[in-house]
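Chains, contacts and geometry: an overview
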Protein chains: 4
Amino acid sequence: MAGSSFGKIFRITTWGESHGPALGCVIDGCPAGVELSESDIQPFLDRRKPGNAAVATARKESDICEILSGVYEGRTTGTPISVMIRNSNQHSGDYDELKDVFRPGHADMTFDAKYGIRDHRGGGRSSGRETAARVIAGAVASKVLSQLGIKVEAYTRSIGPVESDLSDYSRSAVLANATAMPDINANARALEYIADLKTKCDSCGGVMECIISGVPAGVGDPVFDKLDALLAHAAMSIGAVKAVEIGDGVLAASSTGSRNNDSFKALQSGRIVKRTNHSGGILGGISDSSDIRVRCSVKPTPSIAREQKTVTKDGENTVIAIKGRHDPVIVPRAVVVLESMCAITVLDAMLNGMSSRIDNLVTIYKK
Amino acid sequence: MAGSSFGKIFRITTWGESHGPALGCVIDGCPAGVELSESDIQPFLDRRKPGNAAVATARKESDICEILSGVYEGRTTGTPISVMIRNSNQHSGDYDELKDVFRPGHADMTFDAKYGIRDHRGGGRSSGRETAARVIAGAVASKVLSQLGIKVEAYTRSIGPVESDLSDYSRSAVLANATAMPDINANARALEYIADLKTKCDSCGGVMECIISGVPAGVGDPVFDKLDALLAHAAMSIGAVKAVEIGDGVLAASSTGSRNNDSFKALQSGRIVKRTNHSGGILGGISDSSDIRVRCSVKPTPSIAREQKTVTKDGENTVIAIKGRHDPVIVPRAVVVLESMCAITVLDAMLNGMSSRIDNLVTIYKK
Amino acid sequence: MAGSSFGKIFRITTWGESHGPALGCVIDGCPAGVELSESDIQPFLDRRKPGNAAVATARKESDICEILSGVYEGRTTGTPISVMIRNSNQHSGDYDELKDVFRPGHADMTFDAKYGIRDHRGGGRSSGRETAARVIAGAVASKVLSQLGIKVEAYTRSIGPVESDLSDYSRSAVLANATAMPDINANARALEYIADLKTKCDSCGGVMECIISGVPAGVGDPVFDKLDALLAHAAMSIGAVKAVEIGDGVLAASSTGSRNNDSFKALQSGRIVKRTNHSGGILGGISDSSDIRVRCSVKPTPSIAREQKTVTKDGENTVIAIKGRHDPVIVPRAVVVLESMCAITVLDAMLNGMSSRIDNLVTIYKK
Amino acid sequence: MAGSSFGKIFRITTWGESHGPALGCVIDGCPAGVELSESDIQPFLDRRKPGNAAVATARKESDICEILSGVYEGRTTGTPISVMIRNSNQHSGDYDELKDVFRPGHADMTFDAKYGIRDHRGGGRSSGRETAARVIAGAVASKVLSQLGIKVEAYTRSIGPVESDLSDYSRSAVLANATAMPDINANARALEYIADLKTKCDSCGGVMECIISGVPAGVGDPVFDKLDALLAHAAMSIGAVKAVEIGDGVLAASSTGSRNNDSFKALQSGRIVKRTNHSGGILGGISDSSDIRVRCSVKPTPSIAREQKTVTKDGENTVIAIKGRHDPVIVPRAVVVLESMCAITVLDAMLNGMSSRIDNLVTIYKK
């Protein structure tokens with residue numbers, strides 16, 4: 001209940017502080033029989049890793065993962081999958097002067113209010129580093145979903161004022177560009193924008209979007225656990241996300257029923273599809289077989305080298321300029337985190353939905 | 001797990017279909033000793049009730065609630081509070097022709113895909129009528145929060161293109177205006193806009209916002225159960241909500257760190273406050289003692305009298321024009337639902353957070 | 001979290017006090033498509049009903065149930081099934097003198113310590129009357145299990161010193177005998193024993209046992225949610241149960257490995273069975289396809305007309321002799337409650353286990 | 001939901017197979033501010049460790065634990081506490097011939113039925129080795145409880161036919177005796193009994209009991225999460241436990257109300273106590289301030305060197321004699337596991353119960 005677990009059947013628990021000895025994830029409830037090894041997980045971690053000096057911190061995080069349980073002879077056994085990353089290259093010294101000062105835009109003050117004690121080194125538990133553990137689980141969930149023909153792909157939609165041109169979407173560009181934008185021109189302009197901000201000791205935010213394709217109609221629950229509500233929960237739990245939109249999102253508010261409704265049509269095959277997808281693949285909280293679209297607005301990195309007014313733990317007014325290595329924008333590295341949270345959420349909803357009909361129960365148990 | 005429950009300690013379970021015999025809510029985990037009667041709940045239900053012909057359906061829903069358990073001699077006993085509303089005035093006949101046709105923008109198709117059976121009358125379980133049960137729980141949560149000096153107030157921020165002028169916010173205007181806007185001029189213009197849409201057999205959406213004030217710093221959990229993540233879950237679970245924003249929301253994406261960070265200052269009293277509130281009262285998932293701001297974009301009502309293309313349950317292409325009584329915009333009635341979901345979420349997080357420190361445990365058990 | 005819910009997927013929530021206006025149960029997560037009506041539930045409630053003057057209270061509890069949601073045209077829809085029983089024939093006056101006195105063996109003192117307030121009438125929420133709501137859910141679970149060929153049958157094994165002869169087990173005798181014993185002679189002797197105790201203003205306990213047959217191998221989870229652990233939780237949650245045994249139970253402690261191990265054999269069909277069933281149908285927390293045997297020891301009814309020493313709410317020593325209508329032994333009426341809790345537990349474990357293999361996921365979603 | 005987690009607020013998740021690289025436990029929800037280091041945990045692990053050749057396997061399990069997160073400068077921070085034990089001295093080769101054969105009395109067959117794949121080495125996830133992870137959490141829970149003046153102590157009550165004389169209970173004897181019996185004579189006789197069984201290639205079971213003292217009245221929930229129901233769940237989830245009794249347990253069934261009821265008396269201080277403790281410290285599912293007594297019957301170790309009939313995975317009849325190092329009785333090592341599960345359960349119930357009254361909420365949040 002302290003909130004380090006997510007999901008009901010495919011249930012993940014993350015642990016670890018930014019500058020502690022290690023961090024990790026325990027995945028309970030992964031179906032047995034799925035081929036899995038570290039090589040399925042490492043590429044996800046690598047996408048989250050800093051490295052490109054233009055957009056990310058110069059910290060070297062090797063982030064080598066080790067599977068400690070739940071896999072036998074290359075397959076999941078249905079028992080908890082524990083995966084760990086040892087921390088290294090910790091410049092804890094960088095944080096000594098932050099021990100008693102609350103950084104604006106960070107969780108320092110609120111952790112102190114809640115717990116009365118905190119590991120201040122690198123943000124401790126509130127560090128973005130915790131998301132490495134989510135990405136582990138996301139890699140596993142994506143592997144399972146791939147066996148059902150489901151793809152989960154996220155990308156950077158905008159950085160500050162620079163927007164991608166989605167008419168020319170290319171997955172390989174997303175993976176190749178330092179910004180994780182699908183558009184080579186936007187990537188270049190965004191890098192320039194970021195470079196300029198760095199000279200001003202400032203930072204920026206952006207928008208990222210995830211498309212989940214191949215989910216059959218009928219996934220998600222009505223009422224509180226609507227698939228969009230679960231996705232909103234998942235996405236908003238990523239630090240720095242300040243808004244979550246499904247389908248047309250905020251634009252829906254200024255549309256009209258006649259424009260916003262997606263009319264249905266029946267294909268020759270008998271399959272029912274929508275002519276448009278304003279809904280973003282979800283109707284009444286349940287998937288409608290169109291692509292599911294989740295969009296997140298991410299705030300600017302709060303760690304900036306510019307001087308800011310703040311207070312100490314003991315209530316003294318002071319100023320702070322945050323040194324150390326910090327991402328001028330976190331969106332490019334957060335894209336794989338969004339992808340991971342979406343994969344975990346959709347897989348969990350699918351596992352959960354297996355019992356929605358008595359026919360399914362008979363199919364599984366009377367075979 | 002079928003998703004009709006919400007909350008962990010203050011845990012609510014709703015039940016009931018639009019045109020079934022009754023609907024209701026069971027609240028488990030409400031602290032004992034709170035004064036409570038039907039008169040605390042009825043005003044919340046009345047705000048959700050249709051009635052103003054300009055903005056809402058002409059259905060008469062009396063929505064008289066009855067407390068069936070959990071209250072003894074005017075106080076909560078700590079045992080489940082069951083509250084029921086008998087349905088009446090059901091024009092089930094209105095829905096006969098919808099039995100085998102999927103309405104665009106509704107959950108008809110997706111329910112059918114999930115369950116293979118559905119109560120089509122008035123949308124059955126997917127009807128907005130389910131929110132009456134949430135409002136019951138919201139009224140109880142609000143009552144508890146009021147004893148801690150916490151206020152939860154929502155209002156309509158915009159309807160279609162008409163925006164409220166918040167510089168002149170008045171709670172009594174929110175409660176008096178048919179649109180639940182805090183601004184008398186905007187209310188008038190919105191009513192005109194809606195009247196015009198009705199003549200065109202069309203509908204519109206809008207934006208609603210909730211302000212939660214008085215929450216001390218330290219409420220909410222880091223990681224997955226961040227207070228903003230729980231609020232996003234809660235708000236997105238309200239039918240027709242397509243986007244949830246916290247604080248500056250989507251605008252944060254195009255801001256910079258130096259503008260978006262809220263600097264701290266220490267008051268004479270030693271209390272630490274923020275000079276601005278871009279964060280919307282939450283930092284790192286934990287309340288920072290500023291007002292918590294939650295904003296929702298609501299899609300246009302999908303039920304419109306205009307002819308739309310669609311399909312039958314059996315996969316035949318057809319057209320539909322939806323008759324019956326429908327709200328041309330649901331925002332005004334949804335405002336109290338948002339307020340309710342926010343109250344439930346914050347109270348639950350506070351109950352959950354009581355155990356965050358060993359000192360608290362000692363205080364309660366060694367007294 | 002206040003503990004009025006049970007189960008994870010087939011999740012039930014009960015509510016109501018002994019002498020409040022009504023009591024009921026909400027079942028969330030029942031698979032769609034199951035034929036269900038009040039006539040499936042009423043026979044379970046009737047078995048729980050007092051009536052036989054020899055063994056039960058003379059209270060007339062009609063216990064007529066009403067399904068308020070979740071069933072449409074005679075079938076479950078997958079949405080919450082809410083079932084209510086209106087209370088009647090409440091002799092609240094009988095309890096007036098108990099308002100401020102703690103009855104020995106009852107929860108009066110502990111409720112007061114926990115909540116600081118309680119509905120004392122008829123025991124309020126701690127009354128055995130709450131089990132009527134469990135029996136509603138048990139009837140529904142049994143109906144679902146019957147479609148998988150699974151039977152759940154409980155009976156009285158002993159009352160005080162009188163033991164049933166199980167060599168002559170007959171289900172119809174269980175249903176016909178006032179004691180719910182499967183043996184007509186034991187029934188007669190038990191009734192004599194009870195009659196004698198009543199003249200002495202005393203009460204007695206007994207043992208009840210439930211046999212669950214037809215569960216395939218592979219149901220239940222390893223570690224904390226072993227099927228036997230869930231059954232122990234379920235059974236021990238029935239008021240007055242003081243011991244739960246699985247299979248040979250307490251006798252296993254004095255056995256040896258060579259005698260206690262059940263050896264396997266392969267049938268012609270390839271099916272693997274056990275030659276004996278000391279394990280009671282569960283190995284390592286997972287069903288082994290043998291009959292599951294759950295046995296409960298039930299304490300004597302604490303309400304006795306004999307004078308007992310006790311204290312008032314305000315800490316004064318006093319004496320009490322409990323008047324009113326009370327069962328001299330509760331085992332016969334508790335048998336259907338045990339049956340219900342076992343049915344709910346096994347069904348929930350089966351729904352939960354559907355996702356244990358990737359093959360099952362592919363079967364359900366790629367059909 | 002795959003059952004590797006236990007508890008609601010103090011929530012533990014265990015992971016790891018007997019012969020995998022490591023095993024561990026993640027504790028989420030431990031209150032912040034508790035002094036904690038490996039030296040609090042190691043003594044618990046040492047008590048569980050095999051070593052005494054007379055009663056336990058000759059395996060050398062060093063079981064050195066490492067805290068990986070959640071503790072900063074010697075105190076818990078409120079974030080997840082991850083503790084790991086690297087496995088060593090794994091004689092996996094011992095298990096090669098068990099790969100395709102189902103051992104009687106073990107979970108081999110049932111794991112195979114559930115998952116279709118299993119790590120057979122040393123029993124994999126179903127090995128008693130998993131309990132090392134529970135003991136880690138138990139040590140932490142005990143540390144927290146000690147700050148509230150609560151003690152949790154378990155011991156061996158009987159081994160096979162040899163019963164301890166409890167009139168002479170000594171905690172130091174429990175810790176010193178190889179059998180964990182509190183009685184030096186019984187210990188000697190039990191060791192003889194075990195030695196004799198070993199010569200016969202056989203094994204035995206026994207009874208263990210846990211006393212929890214110092215719990216104030218008012219802990220636990222009515223209905224499904226009665227404190228005794230949670231303890232039964234916890235205790236029955238320990239492999240090999242076949243019966244759980246609370247207080248007088250099975251003896252209550254043959255008692256009478258007049259003998260079984262514990263009458264109350266008021267002390268000079270105003271405190272209300274019971275004159276006897278047949279109830280085992282719990283009334284109506286809620287603690288009554290007397291000692292809580294939980295008793296478990298443990299089946300004989302199923303691994304015996306004697307030849308037994310069984311089947312292969314492919315359904316061939318065969319015989320098996322289990323080689324390797326196995327405990328002739330597991331009770332002595334299970335005592336600290338029972339203690340751990342009881343500590344976890346009581347602490348979690350106490351954390352959960354903090355919110356039972358509005359007064360408590362006001363105390364914590366309006367200070």
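Residues numbered from 1 in each chain as written. Chains lettered and ligands numbered in written order. Predicted model: local features only at pLDDT ≥ 70, side-chain atom pairs only at ≥ 80, totals over all residues. Heavy atoms only, no water.

**Comments concerning the interface of chain B and chain A**
Counted only if it meets this: The contact rule is simple, with two residues in contact once any of their heavy atoms fall within 4.5 Å. Computed with a 1.4 Å rolling probe, the buried area is the accessible surface lost when two parts are put together, summed over both parts. Salt bridge, as used here, is a side-chain nitrogen of Lys or Arg placed within 4 Å of a carboxyl oxygen of Asp or Glu. In the analysis that follows, any N or O atom pair within 3.5 Å is treated as a polar contact, provided that within protein one partner can donate a hydrogen and the other can accept it, and provided that, for residues neighboring in sequence, both atoms belong to side chains. Only DSSP runs of H or I covering at least 4 residues are called helices, and only runs of E covering at least 2 are called strands; the numbering of each starts at the N terminus.
Contacts between chain B and chain A engage 105 residues on the former and 105 residues on the latter. At the boundary of chain B with chain A, total buried surface from both sides reaches about 8000 Å², with 61% on carbon and sulfur atoms. Contact with chain A buries surface across chain B, with K114, F224 and K242 of chain B losing the most and accounting together for 11% of the total. Between the two partners, chain B and chain A, sit 2 salt bridges. The closest approach of N and O atoms between K114 of chain B and D221 of chain A, which form a salt bridge, is 3.4 Å. In this structure, the connection of chain B to chain A is made through 46 residue pairs in polar contact (both at pLDDT 80 or more). The element best represented in the side of chain B that touches chain A is helix α2 (residues 108–115) of chain B, accounting for 7 residues.

**Some details on the relation of the copies chain D and chain A**
Definition in use: Least-squares superposition of the copies uses the C-alpha atoms of those residues scoring a pLDDT of at least 70 in each of them.
With an RMSD of 0.0 Å, chain D superimposes on chain A once it is rotated by 180 degrees and translated 0.0 Å along the axis. Taken together, the rotation and translation describe the operation of a two-fold axis. A share of 100% of interface residues in chain D that are also interface residues in chain A marks the association as one of identical surfaces.

**A word on the packing of aromatic side chains**
Let me state the cut-off plainly: Any two of the Phe, Tyr and Trp rings considered here, Trp counted by its six-membered ring, make a pair once their centres fall within 6.5 Å; the pair's planes then place it as stacked at under 30 degrees, edge-to-face at over 60, or tilted in between. Three labels apply to residues, based on accessible area from a 1.4 Å probe with only protein chains included: buried if under 20% of the type maximum, exposed if over 50%, partly exposed otherwise in between. In this analysis the charged atom, NZ for Lys or CZ for Arg, is taken to sit over a ring once it is within 6 Å of the ring centre and within 35 degrees of the ring normal.
Enumeration according to the criterion identifies 16 aromatic pairs over all chains in this entry. Aromatic side chains F224 of chain C and F6 of chain D sit 5.5 Å apart centroid to centroid with 35 degrees between the ring planes, which places their arrangement in the tilted category. With F224 of chain C in the loop between β10 (206–213) and α6 (227–236) and F6 of chain D in strand β1 (residues 5–6), the pair connects residues from two separate chains. You'll find F224 of chain C and F6 of chain D in the same group, each marked buried. For R47 of chain C, the ring lying beneath its charged end belongs to F44 of chain C, and the centroid distance is 6.0 Å.

**A short note on the relation of the copies chain B and chain A**
For the pair chain B and chain A, the superposition axis carries a translation of 0.0 Å, the fit reaches an RMSD of 0.0 Å, and the rotation angle comes to 180 degrees. Interface overlap between copies is the fraction of interface residues in one copy that are interface residues in the other; for chain B against chain A it reaches 100%, indicating a shared surface.

**Comments concerning unusual backbone geometry**
The residue C201 of chain B is not glycine, and still its phi comes out positive at about 55 degrees. Topologically, C201 of chain B is positioned in the loop between α5 (184–199) and β10 (206–213). C201 of chain B sits in the partly exposed class, given a relative accessible area of 32%. In this model, A180 of chain D sits at a positive phi of 65 degrees, which is unusual for a non-glycine residue.

**Description of the confidence of the model for chain A**
Caution is warranted with low-pLDDT regions, since their predicted coordinates should not be read in detail. Spelled out, the test is: Confidence scores per residue from the predictor, reported as pLDDT, run from 0 to 100.
Mean pLDDT over chain A works out to 94, with 95% of the residues at or above the 70 mark. Of the two predicted TM-score estimates for the complex, the pTM is 0.97 and the ipTM is 0.97.

**Details of the sheet that holds strand β7 (residues 81–86) of chain C**
Residue and element names in this part refer to chain C. Defined as follows: A pair of strands counts as paired when DSSP detects no fewer than two bridges linking them. Here an angle of 0 to 180 degrees is reported between the N-to-C directions of two axes, which are lines fitted to C-alpha atoms, with helices fitted over the stretch in contact.
Taken together, the 5 strands give an open sheet; going across it, the order is β1-β2-β3-β7-β4, and neighbouring strands pair in antiparallel fashion. Whereas interior strands pair on both sides, the edge strands pair on one side only; in this sheet they are β1 (5–6) and β4 (65–67). In the sheet, strand β3 (residues 22–28) pairs with β7 via 6 bridges, with the strands oriented antiparallel. Looking at the pairing, C25 lines up with V83 of β7. Helix-sheet contacts for helix α1 (residues 38–48) involve β4 and β7, and the interaxial angle to β4 is about 150 degrees.

**Points about the packing of helix α6 (residues 227–236) of chain A against helix α8 (residues 331–353) of chain A**
All names here are of chain A. Note the cut-off: Each crossing gets its hand from how the near helix is turned against the far one by less than a right angle, where anticlockwise is left-handed and clockwise is right-handed. Note that Gly is not counted as nonpolar here; it falls among the polar residues with everything else outside the nonpolar set of Ala, Val, Leu, Ile, Met, Phe, Trp, Tyr, Cys and Pro and the charged set of Asp, Glu, Lys and Arg.
Two numbers describe how α6 lies on α8: the axes approach to 9 Å, and their chain directions differ by 145 degrees. The two elements α6 and α8 meet at a crossing, and its hand is right-handed. Counting all contacts with α6, which are made through L227, L230, L231, A234 and A235, the residues of α8 involved are L338, M341, C342, T345, V346 and A349. Residue composition of the contact of α6 with α8, by class: 10 nonpolar, 1 polar and no charged.

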